[in-house]
Amino acid sequence: MSRLLCFGDPHLGASPNLGNANHPRLGAQALVLGRVVWLAQSEDVDAVVFTGDAFHHRRPSPDQLIVWRSFLDQLDAAGLRLIGVVGNHDVA
């Protein structure tokens, strides 16, 4: 039986004034994504299941893309597989 960690809807960029990665909210969202990686490692899961809506807007800012890419890189470095679906906010 496979062990899965499921999460979704981080909605990077969900509140106003999130213009850059130094904004406290976007920084907090980045920390939460890092916590997902930590939890997946500590629970020795086989894969992380992402249920969509990485971004709040269909055209995320460069800073929001950097936060998401960093999360993907952390998963890759940890040897964790990501299984995901596209949310309604994820498609331009």
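Located above this text is the structure these notes cover.
Here we summarise the structure given alongside this text.

Rules behind the numbers
Residues numbered from 1 in each chain as written. Predicted model: local features only at pLDDT ≥ 70, side-chain atom pairs only at ≥ 80, totals over all residues. Heavy atoms only, no water. Phe/Tyr/Trp six-rings, centres within 6.5 Å; stacked < 30°, edge-to-face > 60°. Helix = DSSP H or I, 4+ residues; strand = E, 2+ residues; numbered from the N terminus. Buried < 20%, exposed > 50% of the residue type's maximum accessible area, 1.4 Å probe, protein only. Pairing = 2+ DSSP bridges. Axes fitted to C-alpha atoms, helices over the stretch in contact; angles between N-to-C directions. Contact = heavy atoms within 4.5 Å. Right-handed = clockwise from strand over helix to strand, strands pointing away.

A short note on the packing of aromatic side chains
Aromatic ring pairs are described here by two measures, namely the spacing of the ring centres and the angle between the planes.
Then step 1. Across all of its chains, the model carries five aromatic pairs by this definition.
Then step 2. On the basis of an interplanar angle of 80° and a centroid distance of 5.6 Å, the ring pair of Phe-7 and Phe-71 is categorised as edge-to-face. Here Phe-7, found in strand 1 (residues 4-7), pairs with Phe-71, found in helix 2 (residues 62-77); they are 64 residues apart in sequence, far enough to count as distant.
Then step 3. Judged by its relative accessible area of 14%, Phe-7 falls in the buried class.
Then step 4. Note on Phe-71: relative accessible area 1%, which makes it buried.
Then step 5. Members of the aromatic cluster, each reached through a chain of ring pairs, are Phe-7, Phe-50, Phe-55, Trp-68 and Phe-71.

Things to note about the sheet that holds strand 3 (residues 81-84)
Then step 1. The strand order across the open sheet formed by three strands is 1-2-3, and the pairing between neighbours is parallel. Two strands bound the open sheet, and with one partner strand each, they are strand 1 and strand 3. The sheet shows a mean angle of 25° between the axes of neighbouring strands, taken without regard to direction.
Then step 2. Of the strand pairs in this sheet, strand 1 and strand 2 (residues 47-50) are connected by four bridges, and their pairing is parallel. Looking across to strand 2, one finds that Phe-7 is bridged to Phe-50.

Re the environment of Phe-71
Then step 1. Along the primary structure Phe-71 and Val-37 are separated by 34 residues, whereas in three dimensions their C-alpha atoms are 7.8 Å apart.
Then step 2. Other than its neighbours up to four places away in sequence, Phe-71 contacts Phe-7, Leu-33, Val-36 and Val-37.

A look at the pairing of strand 3
Then step 1. In this structure, strand 2 lies alongside strand 3, joined through four bridges in parallel fashion. Its bridge partner being in strand 3, Phe-50 is matched across the sheet by Gly-84.
Then step 2. Crossover strand 2 to strand 3 through helix 2 is right-handed.

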